[in-house]
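The primary structure of each chain is shown beneath.
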Amino acid sequence: MRTSVTVTHRRRVLCVFPAYAPSFGTFSHAYKLMPGVRAFMPPQGLLLIAAYMPAQWPVRVIDENIRPASAADLAWADVVLVSGMHIQAPQIRDIARRAHAAGKVVAVGGPSVSASPEMYPEIDYLHIGELGDATDALIARLDESVAPPAAQMRFETAARLALTDFPIPAYDLVPLRRYLMLTLQFSSGCPYRCEFCDIPGLYGRQPRLKTPQQITAELDAMRAQRHPPAVYFVDDNFIGNRKATREMLPHLVAWQKQHGYPLQFSCEATLNIAKQTEILALMREASFKGIFVGIETPEADALKAMRKEHNVALPMMQAIETLNRYGLEVTAGIILGLDTDSPDTEARLADFIDVSYIPILTINLLQALPKTPLWERLARADRITDDPSLESNVRFLRPYDEVIGLWRRAIARAYDPERLFARFINQVEMTYVHRITPPARGRLTWSNVKFGAIFAFRIVYYIGIKSNYRRPFWRAARHALARGQVDMAFAMAFVGHHLIEFTREALRGEQNASFYSARQQQSVPALEAPLRKSA
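Residues numbered from 1 in each chain as written. Predicted model: local features only at pLDDT ≥ 70, side-chain atom pairs only at ≥ 80, totals over all residues. Heavy atoms only, no water.

Asks: Residue-level account of the packing of helix H12 (residues 345-356) against helix H14 (residues 400-414), with values.
Replies: Helix-helix packing is characterised by the crossing angle of the two axes and by the distance between the axes. Taken N-terminus to C-terminus, the directions of H12 and H14 make an angle of 20 degrees; their axes are 11 Å apart at the nearest point. Between H12 and H14, the angle falls in the class roughly parallel. When the axes of H12 and H14 are compared, the crossing they make is right-handed. Contacts between H12 and H14 pair Thr345, Glu346, Leu349, Ala350, Ile353 and Asp354 from the former with Leu406, Arg409, Ala410, Arg413 and Ala414 from the latter. (Axes fitted to C-alpha atoms, helices over the stretch in contact; angles between N-to-C directions. Helix = DSSP H or I, 4+ residues; strand = E, 2+ residues; numbered from the N terminus. Parallel < 35°, antiparallel > 145°, perpendicular 65-115°, else oblique. Left-handed = near helix turned anticlockwise from the far one by under 90°. Contact = heavy atoms within 4.5 Å.)

Asks: Can you lay out the sheet that holds strand S2 (residues 59-63) for me, pointing to particular residues and giving the numbers?
Replies: Strand pairing in a sheet relies on backbone hydrogen bonds. The paired strands run either parallel or antiparallel. The six strands lie next to each other as S2-S1-S3-S4-S5-S6, forming an open sheet whose pairing is parallel. Strands at the two margins of the open sheet, each flanked by one partner only, are S2 and strand S6 (153-156). Within this sheet the neighbouring strands show an average axis-to-axis angle of 20 degrees, counted without direction. Sitting on the sheet, helix H5 (residues 133-144) is in contact with strand S3 (79-83), strand S4 (105-109), strand S5 (125-128) and S6, with an inclination near 145 degrees to S6. (Pairing = 2+ DSSP bridges.)

Asks: So what's going on with the side chain of Gln485? Residues and values would help.
Replies: Looking at where Gln485 falls in the secondary structure, it is placed in the loop between helix H17 (470-482) and helix H18 (486-507). When its relative accessible area of 16% is taken as the criterion, Gln485 is described as buried. Only 3.4 Å separates the side chain of Gln485 from the backbone oxygen of Tyr432, close enough to count as a polar contact. (Buried < 20%, exposed > 50% of the residue type's maximum accessible area, 1.4 Å probe, protein only. Polar contact = N/O pair within 3.5 Å; in protein donor to acceptor, adjacent residues only side chain to side chain.)

Asks: Give me the nonpolar core: which residues, what numbers.
Replies: Grouped together as the largest cluster of nonpolar side chains are 147 residues, with contacts concentrated most on Phe233, Leu252, Met283, Phe288, Leu323 and Phe352. When residues in this core are grouped by element, the largest group, 12 residues, is from H18. Residues in contact with Met283, not counting those within four places in the same chain, are Phe238, Leu249, Cys267, Ile273, Phe288 and Leu328. Formed by 21 residues, the second largest nonpolar core is a distinct cluster that contains Ile62, Ala69, Ile95 and Ile123. (Core = buried A, V, L, I, M, F, W, Y, C linked by side-chain atoms within 4.5 Å.)

Asks: How would you explain the pairing of S6 if you had to name every residue and give the values?
Replies: Note that S5 and S6 share four bridges and pair parallel. By the bridge assignment, Ile128 is partnered in S6 with Glu156. Remark: the S5/H5/S6 crossover connection has left-handed handedness. (Right-handed = clockwise from strand over helix to strand, strands pointing away.)

Asks: Residues and numbers for the packing of helix H16 (residues 446-465) against H18, please.
Replies: Contact geometry for H16 and H18: axes closest at 11 Å, N-to-C directions at 50 degrees. Here H16 lies oblique to H18, going by the angle between them. Classified by chirality, the crossing of H18 by H16 is left-handed. Seen from H16, the contacting residues are Gly452, Phe455, Ala456, Ile459 and Ile463; seen from H18, they are Phe490, Ala493, Phe494 and His497. Grouping the amino acids of the contact of H16 with H18 by side-chain chemistry returns seven nonpolar, two polar and no charged. (Nonpolar A, V, L, I, M, F, W, Y, C, P; charged D, E, K, R; others polar.)

Asks: Lay out the pattern of salt bridges in plain terms, naming residues and giving numbers.
Replies: Tallying each qualifying case throughout the model produces 25 salt bridges. Residue Glu122 pairs with Arg93 through a salt bridge whose shortest N-O separation is 3.7 Å. With Glu122 in the loop between helix H4 (111-115) and S5 and Arg93 in helix H3 (residues 89-101), the pair connects residues that are 29 residues apart, well separated along the chain. A salt bridge links Glu510 to Arg508, with the nearest nitrogen and oxygen atoms 3.0 Å apart. (Salt bridge = Lys/Arg side-chain N within 4 Å of Asp/Glu carboxyl O.)

Asks: Residue-level account of the packing of aromatic side chains, with values.
Replies: The full count for this structure, using the stated rule, is 20 aromatic pairs. A ring pair is formed by Phe27 and Phe494, whose centres lie 6.4 Å apart and whose planes are at 80 degrees; its orientation type is edge-to-face. With Phe27 in the loop between strand S1 (13-17) and helix H1 (44-52) and Phe494 in helix H18, the pair connects residues that are 467 residues apart, well separated along the chain. Exposure remark for Phe494: the relative accessible area of 14% places this residue in the buried category. Each ring, one from Phe455 and one from Phe490, has its centre 5.1 Å from the other, and the planes form 80 degrees; the classification is edge-to-face. Within this pair, whereas Phe455 is found in helix H16, its partner Phe490 is found in helix H18, the two being separated by 35 residues in sequence. By relative accessible area, which is 5% here, Phe455 ends up buried. A relative accessible area of 23% means that Phe490 is categorised as partly exposed. Each member of the aromatic cluster is reached from another via a ring pair, and the members are Phe27, Phe40, Phe451, Phe455, Phe490 and Phe494. The ring of Trp76 has Arg60 lying over it, and the distance from NZ or CZ to the ring centre is 4.1 Å. (Phe/Tyr/Trp six-rings, centres within 6.5 Å; stacked < 30°, edge-to-face > 60°. Lys NZ or Arg CZ within 6 Å of the ring centre and 35° of its normal.)

Asks: Describe H16, naming the residues involved and giving the relevant values.
Replies: In a regular helix each residue adds 1.5 Å, so 20 residues correspond to 28 Å; H16 covers 27 Å between its end C-alpha atoms and thus fits that length. Within H16, the full set of buried residues consists of Phe455, Ile459, Ile463 and Gly464. Summarising the contacts, the buried residues of H16 are in contact with H17 and H18. (Expected span 1.5 Å × (residues − 1).)

Asks: Describe the pairing of strand S14 (residues 360-365), and please don't skip the residues or the numbers.
Replies: Counting buried positions over the six residues of S14 gives six, a clear majority of the element. Across the two faces of S14 the burial is the same, with Ile360, Thr362 and Asn364 and Leu361, Ile363 and Leu365 all buried. Two elements, strand S13 (residues 329-336) and S14, share six bridges in a ladder whose sense is parallel. In the strand pairing of S14, Thr331 is matched with Ile360. Chirality of the crossover, the property in question, places the unit of S13, H12 and S14 among those that are right-handed.

Asks: If you had to explain the sheet that holds strand S12 (residues 288-296) to someone new, which residues and values would you point to?
Replies: With parallel pairing, six strands are arranged side by side in an open sheet as S7-S10-S11-S12-S13-S14. Strands at the two margins of the open sheet, each flanked by one partner only, are strand S7 (182-184) and S14. Taken pair by pair, the neighbouring strands of this sheet meet at an average axis angle of 20 degrees, ignoring direction. As paired elements, S12 and S13 share five bridges and run parallel to each other. Within S13, the residue paired with Gly290 across the bridge is Glu329. Each of S7, strand S10 (230-233) and strand S11 (264-268) is contacted by helix H7 (residues 212-222), which is oriented at about 160 degrees to S7, the strand it contacts most.

On their own, these measurements won't tell you what the molecule is for.
So this is what it looks like as structure tokens:
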């Protein structure tokens, strides 16, 4: 549904999404391998807001991960709407500066301003909280005037719009073919209270839900234009409401069968999903291929200290093996710099990576996000810092240089090409062979065939010929191809290429040690034991 506000003026609304800094999880180095791909995921929140605007108001959406908002874009607009996360704060401010220079009023919403409105004193309107009565109040204010207010105005949501009333995001306003994967939201909120996480504070502990019919309608809307075949459920926890997930999945399976399985899915969930075998079986049948799990650390005492006891509901390796048996390749989030880290942490992490065979690990330094229990605890102990030369805003209990050294050695070892592609080889036997084989008709289109041919050529050229890790790549690719895993030979190529290249940049000091790190980058000496050249 659109807003219920009755408007009397025509306002041109420009929604601008700020660029992301590169990270392990955005796969930016892989884009050059994939024809037309320029960005990771569409800006789901802004597309939702765009769809909620009054029907009389023309709306444009610019994702600055694809191209910057131009002077002509800003000249067209009456109002500029921006949304983003804390890590995008500098880019949010830059968009506001450019919009103000063009004489436009600016409103910012989303998770960053909702958690820390004090970070944006220069922006005209702050939308704090989720879609709801504050959104309607902001729309009414903009209908009244698009002149800058005399002083900053804040609109804070008291009554949230039910997810069942959410409009279909305005997918038609962005070029979906330019993204690595699409996004879909089924639920919002998470019942757990992990110390470092801001989700419960922002979105609540009682997950709110869309209907299965909304989900399939959004999939239909995505398919109205050229699009990538991968869809990521951006739910804070895919099993935040296990009963609802179990009831939704058969609708997803039926939709896939009706359309010939044109899409594959991935999601993020807590590790205790391994206990939900009925859900896992339905996910397999719906063609879920990957799952991001916040492992955080293999150390049980550390998990308990961060209030993440649910990660030890099953023995960790048993849980990972269970997910693999249902065809789900695990991506693991890992945090270093915890108060519980010890001299043994490095060896335990290395053992975990070797034994679990998880190929993709986002190994980040601990960051304290505002309004989280972690932030509050560390602030009381005077352990929050805003030093822009540091990789984290946390004053670690262990010496800073020691923690940074641990992080650098950990990523160097994890993404050594020989070790990385060996883990992929293991995934062929542990995971990929357990996936369903969907019919070809849903994917056998001229567009997909053309894309695949160009993709294959670029993989062979950039990785199979030019790279200095071509030998371990070909070893893994031959293993996958011999077992009919053509798609996965492609996937391990573009994933491996990004992880190796990003790691090398990080070890040179050109990338930060966390997705949330705001460190000003500068060159650092090379690691004594850099990634091995494997040509």
